[in-house]
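Secondary and tertiary structure notes
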Amino acid sequence: MSHWPTVVELTRARLESSILAARIATRADGALAGFAGLARERNQGRAVRYLEYEAYEPLALRQMASLADACRRRWPEVHGVGLQHRLGRVELGEASVLVAVAAEHRAPALAACAFLIDALKRGAAIWKKEFFAAGGADWLANDAAAEPPDRPSMPLPSARPPIVPL
Amino acid sequence: MRVHVLFFGPVAEALGLREHWLELPSGARIADCLDECQRRWPALSAWRSRLHLSRNLESAAEDSPLAEADEIGLLPPVSGGA
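For the structure given in this document, a descriptive report is provided here. (Residues numbered from 1 in each chain as written. Chains lettered and ligands numbered in written order. Predicted model: local features only at pLDDT ≥ 70, side-chain atom pairs only at ≥ 80, totals over all residues. Heavy atoms only, no water.)

**What to know about the nonpolar core**
- Among the nonpolar cores identified, the biggest contains 35 residues, and Val 101 and Leu 116 of chain A are the most heavily contacted of them.
- For this core, the elements supplying multiple residues, two or more each, are β2 (31-38), β4 (46-55), α2 (57-74), β5 (78-86), β7 (95-103), α3 (106-123) and β8 (126-132) of chain A.
- In contact with Leu 116 of chain A, not counting residues within four places along its chain, are Leu 67, Ala 68, Cys 71, Val 81, Leu 83, Val 99 and Val 101 of chain A.
- Counting 24 residues, the second largest nonpolar core, distinct from the first, contains Val 3, Phe 7, Leu 22 and Cys 33 of chain B. (Core = buried A, V, L, I, M, F, W, Y, C linked by side-chain atoms within 4.5 Å. Buried < 20%, exposed > 50% of the residue type's maximum accessible area, 1.4 Å probe, protein only. Helix = DSSP H or I, 4+ residues; strand = E, 2+ residues; numbered from the N terminus. Contact = heavy atoms within 4.5 Å.)

So, in structure tokens, the structure goes:
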């Protein structure tokens, strides 16, 4: 358990990166790295109207907390960590996920931020449904194999890799 | 024994339900639970090979043993993030 601030949340409310940043950064930090995943208007050539997310909430929250721990083990210089994900309907342009990492210097903050969003997308028990402008809807599946090869690798020693080990 | 089976995302939609308390013989494993679900809801067969499994919020496999009141999650491929 880190004595630095940790925010791990699933919420139906709009996400604000500045609010998350203020909750995890302290005066000990010289760097704050952030990532926001936004609901965009096109995916795979189709016009999107809005997104809906659902989660296995207790499992996803445990996984997100475990990712924050894993990230601090890998980059002990990391201070505050924030992970927030939306549930329910998300309109175009809104953030569906926020990651924020604070540290004394930028290198671990940036690396940890990339690690967290990649690992969250790969394993957290969260599902997205896209509703199309032309009508209809589809559930998506994140393709772990499509991740860029130079991403920080995080072996998940699990019998079923897409679940973050607990 | 009775176990609490939870369905998510496209699997919940395909089966038309999110949860079910299932009666299983003692000594049953997760595979038996999946077999029984598949018997009740044949639409599950299209998903079975792609499911990830959890037992009481821990990763599990088909040969994991079951106990009374276990919570079993049937998790289709995830798609969090934007």
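Next, the rest of the story.
**Some details on the sheet that holds strand β1 (residues 2-7) of chain B**
All names here are of chain B.
- Pairing within the open sheet is mixed, and its 5 strands lie in the order β2-β1-β5-β3-β4. Looking at which strands have only one partner, the edges of the open sheet turn out to be β2 (19-23) and β4 (58-60). With strand direction ignored, the average angle separating the axes of adjacent strands in the sheet is 30°.
- The sheet contact formed by strand β3 (residues 52-55) and β4 spans 3 bridges and is antiparallel. Bridging across to β4, Ser 54 finds its partner in Ser 59. (Pairing = 2+ DSSP bridges. Axes fitted to C-alpha atoms, helices over the stretch in contact; angles between N-to-C directions.)

**Points about the interface of chain B and chain A**
- Counting residues at the interface gives 27 residues for chain B, matched by 32 residues for chain A.
- Around 2500 Å² of area is buried between chain B and chain A when both sides are counted, 55% of it from carbon and sulfur atoms.
- Its largest share of buried area at the contact with chain A, chain B owes to Leu 57, Val 78 and Ala 82 of chain B, together 28% of the area lost on that side.
- Viewed at the interface, chain A and chain B are joined by 3 salt bridges.
- A salt bridge links Glu 13 of chain B to Lys 129 of chain A; its shortest N-O distance comes to 2.4 Å.
- Of all the elements in the fold, those that place two or more residues in the side of chain B that touches chain A are α1 (9-15), β3, β4 and β5 (71-75) of chain B. (Buried area = accessible area lost by both parts, 1.4 Å probe. Salt bridge = Lys/Arg side-chain N within 4 Å of Asp/Glu carboxyl O.)

**Brief notes about helix α2 (residues 30-40) of chain B**
- For α2 of chain B, the set of buried residues is Ile 30, Ala 31, Cys 33, Leu 34, Glu 36 and Cys 37 of chain B.
- For α2 of chain B, the secondary structure elements touched by its buried residues are β1, β2, β3, β4 and β5 of chain B.

**Description of unusual backbone geometry**
Residue and element names in this part refer to chain B.
- Its identity as a non-glycine residue notwithstanding, Asn 56 has a phi of 50°, on the positive side.
- By the element assignment, Asn 56 lies in the loop between β3 and β4.
- Under the relative-accessibility criterion, Asn 56 is labelled partly exposed at 34%.
- Residue Leu 57 is not a glycine yet carries a positive backbone phi of 70°.
- If you trace the backbone, Leu 57 turns up in the loop between β3 and β4.
- Its relative accessible area of 16% is what places Leu 57 among the buried residues.

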